[in-house]
Amino acid sequence: MKVDGEEQKLVSTWTAELTSWVEQEALRLGFDTATIAPVPEAGSDVAKRDATRFSTWVEAGRAGEMEYLKRRGEDGVLLRSGVSAAIPWARSVLVCAWNYHVPAPLSTTPVAGAGWIARYAWSGRTLDNGETAPTDYHEELLAKLRSLEAGLKNRVSTDTRCYVDTGPLVERSMAALSGLGWIGKNTCVINEQLGSWLLLGVIVTSLPVSNDAVPQLAADRCGSCTRCLDACPTQALIGPREMDASRCIAYLTIEKKGAIPEELREPMGRQVFGCDICQEVCPWNRRAPVAIQQGTRMRPELVNPALEWLASLDPNDFRKNFKGSPLERTRRRRLHRNVAIAMGNSRDKTFLPQLEAWRQSEDEVLAESAGWAIRQILPSDEKSPPMT
Ligand code: B12
Ligand code: SF4
Ligand code: SF4
């Protein structure tokens, strides 16, 4: 096989040269770091520990309505309880991380009348005509992974699969096993140099990692800090490295269909899409380097977006602003449900006409959320009559 004009032999394991090439190539493609994790052997202590952790989590109902996390194989085993459960030929996982840190205000700094969209969804691309095309990290990272995969397959004979989020594996577990970072008490992967504003993409391969090349785990640097646990508004972090996802604002605003449980609405504050709080308060993000991203840029209109603007988006506006963005998945109706709740939490009476209009909506969830928001804003003696 010819690589860069030279004949090369196909290898069937991670050699030092191949590892070094893949790390450099990942950087060239725009990733900030890339590391390789061996897939724990079925029956090994690590495999058993991860499988127990995941199944206990699912069985305790922590996954809420995210049914895809609960999928089982024909043998009844949870597909995500270990990489081998869903991908029996997998021997290693190349974990690539992409820094998305941009210098911008924090959600924890209040801004009157504004909502908050999680910063991973701020990206866009400027088109030749000067217009902005929203972008989504899933596609951005997948394109980079595919290039890396093609280069890898040119050099070595291996089965591969690329995933960003959607694969039947717990990417953070593999990132921890690759030495990329440690799992913080907020459950995020933290890299000592890069912090935790990282998005992950993985290439599952059939290449084994030799025993002398097994990476060292990154040291856990959380120490006695509990800032994330203390700051989480909905107490979704029920313990260090333990999340009840059904209480997480990211789940409530992005994944949860239907009405949001009433007791969690007030703690949601002004978050209308995702939540950045437990990472904003993390000391390891204070010195996080600013991302250098080829092609994509931050969309300033999505930082502290006016609730009034979000509420005014008709289907066309929504498409124009969010087609191709992570918000597309949440759709306009659910975004408006979240905006109604944020309006209620603002206690700002200027939102009442919009909320009154939504209260008449045919969308029952939106109408009910708007009714709740009105009750938050108006003192009890001014409250609107109940809906009939
Ligand atoms: C479902 C999901 C969610 C759910 C549940 C989150 C959760 N903590 O589980 C919700 C919707 C709430 C969510 C929120 C967010 N998510 Co999310 N999410 C996922 C997804 C699709 C699956 C995660 C999963 O399987 N959870 C199940 C639980 C049990 O897994 P876990 O909490 O990660 O715990 C495992 C490991 O931590 C491991 N473990 C724990 N300790 C140790 C120690 C060692 C040594 C080892 C080896 C393993 C280990 O064991 C656990 C069980 O396997 C992944 C992508 C993927 N396919 O993995 C992205 C992912 C985790 N999300 C991501 C992001 C960016 C977010 C948000 C920041 C988005 C936002 N701003 O709103 C928030 C962050 C909230 C938070 N504090 O975690 C990134 C995380 C990057 C990072 N630096 O960690 C991922 C990896 C997506 C990606 N491709 O980049 N997410
Ligand atoms: S993302 Fe927000 S709601 Fe979820 S655990 Fe972190 S602070 Fe809590
Ligand atoms: S805020 Fe503190 S405890 Fe939480 S992840 Fe960061 S260092 Fe760890």
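Residues numbered from 1 in each chain as written. Chains lettered and ligands numbered in written order. Predicted model: local features only at pLDDT ≥ 70, side-chain atom pairs only at ≥ 80, totals over all residues. Heavy atoms only, no water.

**Q** Even after reading the chapter, I still don't get the site of ligand 1, so can you show me in this structure?
**A** Not every one of the 39 residues close to ligand 1 is listed here, only the nearest: Asp165, Glu171, Arg172, Asn186 and Leu200. For ligand 1, a nitrogen atom lies 2.8 Å from a polar atom in the side chain of Glu171. If you list the elements that add at least two residues to the shell around ligand 1, you get helix 2 (45-59), helix 5 (171-177), strand 11 (198-205), helix 7 (249-255) and helix 9 (277-280). Residues belonging to the shell around ligand 1 are distributed by class as follows: 26 nonpolar, six polar and seven charged. (Near = heavy atom within 4 Å. Polar contact = N/O pair within 3.5 Å; in protein donor to acceptor, adjacent residues only side chain to side chain. Helix = DSSP H or I, 4+ residues; strand = E, 2+ residues; numbered from the N terminus. Nonpolar A, V, L, I, M, F, W, Y, C, P; charged D, E, K, R; others polar.)

**Q** Just checking my understanding: could you explain the nonpolar core for this structure?
**A** One broad rule of soluble globular proteins: the nonpolar side chains tend to lie buried together. Within the largest apolar cluster, 83 residues are counted, with the highest numbers of intra-cluster contacts made by Val339, Leu355 and Trp358. For this core, the element with the most residues is helix 12 (residues 327-346), which contributes seven residues. Both domains that meet at this core, namely domain 1 (2-103 + 128-213) and domain 2 (315-388), each give it at least three residues. Sequence-distant contacts of Leu355, defined by excluding residues within four places in its chain, comprise Ala340, Met343, Ala370, Ala373, Ile374 and Ile377. Ranked by size, the runner-up nonpolar core spans 20 residues in total, among them Val83, Val93, Leu198 and Val202. (Core = buried A, V, L, I, M, F, W, Y, C linked by side-chain atoms within 4.5 Å. Buried < 20%, exposed > 50% of the residue type's maximum accessible area, 1.4 Å probe, protein only. Domains from an automatic or database assignment. Contact = heavy atoms within 4.5 Å.)

**Q** What is the right way to read the pairing of strand 11 from this model?
**A** Side-chain positions along a regular strand alternate between the two faces of the sheet. With eight of eight residues buried, strand 11 lies mostly within the body of the structure. Where burial is concerned, the two faces of strand 11 agree: the one with Leu198, Leu200, Val202 and Val204 and the one with Leu199, Gly201, Ile203 and Thr205 are both buried. By the bridge criterion, eight bridges tie strand 4 (residues 92-99) to strand 11 in an arrangement that is antiparallel. Directly across from Trp98, in strand 11, lies its bridge partner Leu199. (Pairing = 2+ DSSP bridges.)

**Q** Sorry, what's going on with the site of ligand 2 here?
**A** The environment of ligand 2 is formed by Cys232, Pro233, Thr234, Ala236, Leu237, Met243, Cys248, Ile249, Cys275, Ile277 and Cys278. Across the shell around ligand 2, the residue classes tally to ten nonpolar, one polar and no charged.

**Q** Which parts of the structure should I look at to understand helix 13 (residues 352-359)?
**A** Side chains that are three or four residues apart share a direction in an α-helix, a result of its 3.6 residues per turn. Listed in full, the buried residues belonging to helix 13 are Leu352, Leu355, Trp358 and Arg359. Buried residues in helix 13, looked at end-on, bunch into an arc of 125°, giving them a common side. Lining the buried residues of helix 13 we find helix 10 (307-312), helix 12 and helix 14 (364-377). (Arc of directions from axis to C-beta.)

**Q** What should I look at first to understand the environment of Leu180 in this one?
**A** With respect to the helices and strands, Leu180 occurs in the loop between helix 5 and strand 9 (182-183). Between the C-alpha atom of Leu180 and that of Thr33, which follows or precedes it by 147 residues, the distance is 7.9 Å. Excluding its chain neighbours within four sequence positions, the residues that come into contact with Leu180 are Thr33, Thr35, Val95, Ala97, Ala175, Val189, Ile190, Asn191 and Leu198.

**Q** Teacher, can you tell me more about the side chain of Asn304 here?
**A** One can find Asn304 in the loop between strand 15 (297-298) and helix 10. According to the relative accessible area criterion, Asn304 is buried, its value standing at 17%. Here the side chain of Asn304 touches Arg270 through a polar contact of 2.9 Å, side chain to side chain. If near-sequence neighbours (up to four positions away) are discounted, Asn304 is found in contact with Pro105, Val111, Ala114, Gly115, Trp116 and Arg270.

**Q** Which parts of the structure should I look at to understand the domain arrangement of the chain?
**A** How big an interface is tends to be stated in terms of the accessible area lost upon association of its parts. You can read the domains of the chain as domain 1 (2-103 + 128-213) and domain 2 (315-388). The gap between the C-alpha centroids of domain 1 and domain 2 is 38 Å.

**Q** Teacher, can you tell me more about the packing of aromatic side chains here?
**A** Remark: the centre distance and the inter-plane angle together describe each pair of aromatic rings, the angle taken between the planes. One pass over the full model with this rule turns up eight aromatic pairs. On the basis of an interplanar angle of 70° and a centroid distance of 5.5 Å, the ring pair of Trp116 and Trp122 is categorised as edge-to-face. With respect to class, Trp116 is no different from Trp122; both count as buried. Members of the aromatic cluster, each reached through a chain of ring pairs, are Tyr120, Tyr137 and Phe273. Its end group placed over the ring of Trp197, Arg119 keeps NZ or CZ at 5.0 Å from the ring centre. (Phe/Tyr/Trp six-rings, centres within 6.5 Å; stacked < 30°, edge-to-face > 60°. Lys NZ or Arg CZ within 6 Å of the ring centre and 35° of its normal.)

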